[in-house]
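Architecture at a glance
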Amino acid sequence: MDYFFVALFVGMAFALVGGGLAISYLVAPNRPNKVKSQPYECGEHTVGPSWVHFNVGYYLFALLFLVFDVEAAFLYPWALVFREFGLIALFEVGIFIVILLFALVYAWKKGVLEWV
Amino acid sequence: MNLSGANIDFTLLLPEISLAICGFAILLLGVTKRGKDFGFGLGLFGLIAALAFTVQQWGTLETGFFGMVTKDGFSSLYNIIFLLAGIISLLIAQTYLRAKKIDKPEYYALVLFSILGMMVMASSYDLIIIFIGLEIMSIPLYVLAGFHRFNPKSNEAGIKYFIIGAFASGFLLYGIALVYGAGATTDLRLIAANYHSMAQQAPLLLYAGVALILIGFGFKVGAVPFHMWAPDVYQGAPTPVTAFFSVGPKAAGFAALMRILDFGFDSMDEIQSVLWILAVLTMAVGNILALFQDNIKRMLAYSSIAHAGYILVALTVGGEGAVASGLYYLLGYTFFNLGAFAILTILDTRDGTDSRFSELTGMASRHPFLATLLAIFMFSLAGFPPTAGFFGKLYIFSGAVEGGFIWLAIIGVMTSFVSVYYYLRVVVACFFTKADHPFQQVAMNPYLALALIITAVGALGLGLFPSSWIDLSRQAFASFL
């Protein structure tokens, strides 16, 4: 096993980031003022503190996204070996998708898909 | 790929499948208008069906799914422990949940999924499957700990358990990765067969991997110094969930530890001295800190840490006899600990209770039968004959003496003497303390009575016929030792 290239890669990663920071520290002029020190919010003025509650709905949508994400992640390797395994693979992936479908039906019936 | 050796046999998984089907049925019925009340019944049905299938599998030795699933006497006995714990904690749960207005069908589905994970954990020789089982078990448990959504303490318990649990899973997974790095396999059978060549080629990876695995499971079973989450989580979680916590995940952690340490890494001698230290620390810290608790749930949390210490003694000694006695102890512990928690749940069902010692005063005169049962469970936890607790400790400590671990046995017996004090405190509070205010009546129903009967019969029955049960535990081990 040759770890030299891994070490080289890690070293270059550090050098690149460290070098960039170092050069900007040495070269860039440092003249802060009040407007510059504000947090950047897409050019808008910041409104209120940043410790706010996010709508929990985003979180639920993220969870639902996970259902499909996991499904896709598993279907690719499954498709690769499907020919060799045959019907039993179809059956097993069927069970898997039905279980994920249960999750979707459950969430749907619970009203998660409606934005409030 | 060659499928001839795969043995894809779904009958092997019938217990797990019945739990999964019932769990999904509960969830899907739970979102319909009329299906909300089926949770308890379907949950109980699923657990009993799984128990029937498991008992039917008793005595078989079969592997399937490319060697990923192994059903042997060991997995059967453990699965019976998990299912019994599930049935008893379900029986005591409904009354409590209704009283606290959190009786949702999801509760029963989560318990079923969690037990499914435990059964997966106990039924494999492969570290990856053990890890997947652990996650299937843990994720529902995080939700269950925070099931009392409008109680801040319950929320705290859920978040705390989640963070610590995720942390522990990280350790475990890293350990598995290092072991894979040492031997290019996650199959414990191959690890056991090639142990010496692995230890020669990559000793550092192997030792670091096993250490990390041990830490991961140390968190799960609540061994000192990985125990600090237990008291807060046990106190904050709804009481029937605490009952389940104190038995289910602990037994599952020990199932995995026994397979990994007493089979996979049986040849690693250094592990014994590490386990020795863990066992002593766990027994001492658990028993001593339990002395200072005012809250019964917190006291029982420390007591369950101490009990994990006794089972660690059995693991330290190793070999068929010692580990079988550990398994016997776990089975007994399932009954008497759940019995104690069943009574605590019944008491907590009343309004305005916080499971403090002072709430027990006057119980004996108001509910003599319940108080007597509580005393029996406390005697069993403390290890008085003729209960299961006594014979469990007797077998474990005499096994330690036979195995040459005399100091371990002495420390164990001494710490268990300390434990008598705080168990008897409960009995004293029930029977001998003058009540300054009348004891608030508790409500009984057939389910609660059934749970109490099962646990009392189990705690006493295991104590009255210890030899036949220890033989059963030995049989369970014959499959891999």
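The numbering scheme is per chain: residues are counted from 1 as the chain's sequence reads. Think of it this way: whatever chain is written first is A, whatever ligand is written first is 1, and the rest follow in order. Given that this is a predicted model, residues contribute local features only at a pLDDT of at least 70 and side-chain atom pairs are listed and counted only at 80 or more, while totals for whole chains, interfaces and linings are drawn from all residues.

A few words on the overall build of chain B. Put simply, DSSP H or I for four residues or longer makes a helix, DSSP E for two residues or longer makes a strand, and each gets a number counted from the N terminus. Scanning chain B from N- to C-terminus turns up 20 helices and two strands. Overall, chain B is about 70 × 60 × 40 Å in size when its C-alpha atoms are taken along their principal axes. The proportion of buried residues among the 481 residues of chain B is 59%. For chain B, contacts bridging at least 24 residues in sequence account for 78% of all contacts bridging at least 6. Backbone-placed C-beta atoms define the burial measure: a residue is buried with 20 or more other C-beta atoms within 10 Å of its own, exposed with 12 or fewer, and partly exposed in between. By the criterion used throughout, residues are in contact when their C-beta atoms, derived from the backbone, lie within 7 Å.

With that settled, the discussion passes to the overall build of chain A. The number of helices and strands found in chain A is three helices and zero strands. Order of helices (α) and strands (β) in chain A, N terminus to C terminus: α-α-α. Counting all 116 residues of chain A, 0% fall into the buried class.

At the interface, nine residues of chain A touch seven residues of chain B. Put simply, the parts of the chain that give the side of chain A that touches chain B at least two residues each are helix H2 (56–85) and helix H3 (87–109) of chain A. No other element matches H3 of chain A, which puts five residues into the side of chain A that touches chain B. Throughout this entry, Asp, Glu, Lys and Arg are counted as charged residues, while Ala, Val, Leu, Ile, Met, Phe, Trp, Tyr, Cys and Pro are counted as nonpolar. The remaining residues, Gly among them, count as polar. Per-class residue counts for the side of chain A that touches chain B are six nonpolar, no polar and three charged.

The next point concerns unusual backbone geometry. Residues and elements named next belong to chain B. A cis geometry characterises the amide bond from valine 224 onward to proline 225, with omega recorded as 10°. If you trace the backbone, proline 225 turns up in the loop between helix H9 (203–221) and helix H10 (229–236). Omega for the peptide link from proline 385 to proline 386 comes to 0°, which places this bond in the cis form. Among the secondary structure elements, proline 386 is positioned in the loop between helix H16 (368–382) and helix H17 (388–402). For phenylalanine 66, which is not glycine, the phi dihedral falls at a positive 60°. Within the secondary structure layout, phenylalanine 66 lies in the loop between strand E1 (62–64) and strand E2 (69–71). Residue class for phenylalanine 66 comes out partly exposed when judged on the 14 C-beta atoms lying within 10 Å of it. One non-glycine residue, serine 355, adopts positive backbone phi at about 45°. For serine 355, a count of 20 C-beta atoms within 10 Å corresponds to the buried category.

Now for the packing of H16 of chain B against helix H18 (residues 406–431) of chain B. Residues and elements named next belong to chain B. For helices, the fitted line uses only the C-alpha atoms of the stretch in contact; every axis is such a line through C-alpha atoms, and the angle between N-to-C directions lies from 0 to 180 degrees. Where H16 meets H18, the axes come as close as 9 Å, and the angle between the chain directions of the two elements is 175°. Put simply, H16 runs roughly antiparallel to H18. From H16, Ala371, Leu374, Ala375, Met378, Leu381 and Ala382 reach across to H18, where they touch Ser419, Val420, Tyr423, Val426, Val427, Cys430 and Phe431. Split by residue class, the contact of H16 with H18 holds twelve nonpolar, one polar and no charged. To sort the angles, those under 35 degrees are grouped as roughly parallel, those over 145 as roughly antiparallel, those from 65 to 115 as roughly perpendicular, and the leftovers as oblique.

All names here are of chain B. Residue position: isoleucine 260 is located in helix H11 (residues 239–264). Isoleucine 260 sits in the buried class, given 24 other C-beta atoms within 10 Å. Put simply, isoleucine 260 and arginine 189 are 71 residues apart on the chain and 9.7 Å apart in space, counted from C-alpha to C-alpha. Each residue touching isoleucine 260, except ones within four places of it in the same chain, is listed here: Leu188, Ile213 and Phe265.

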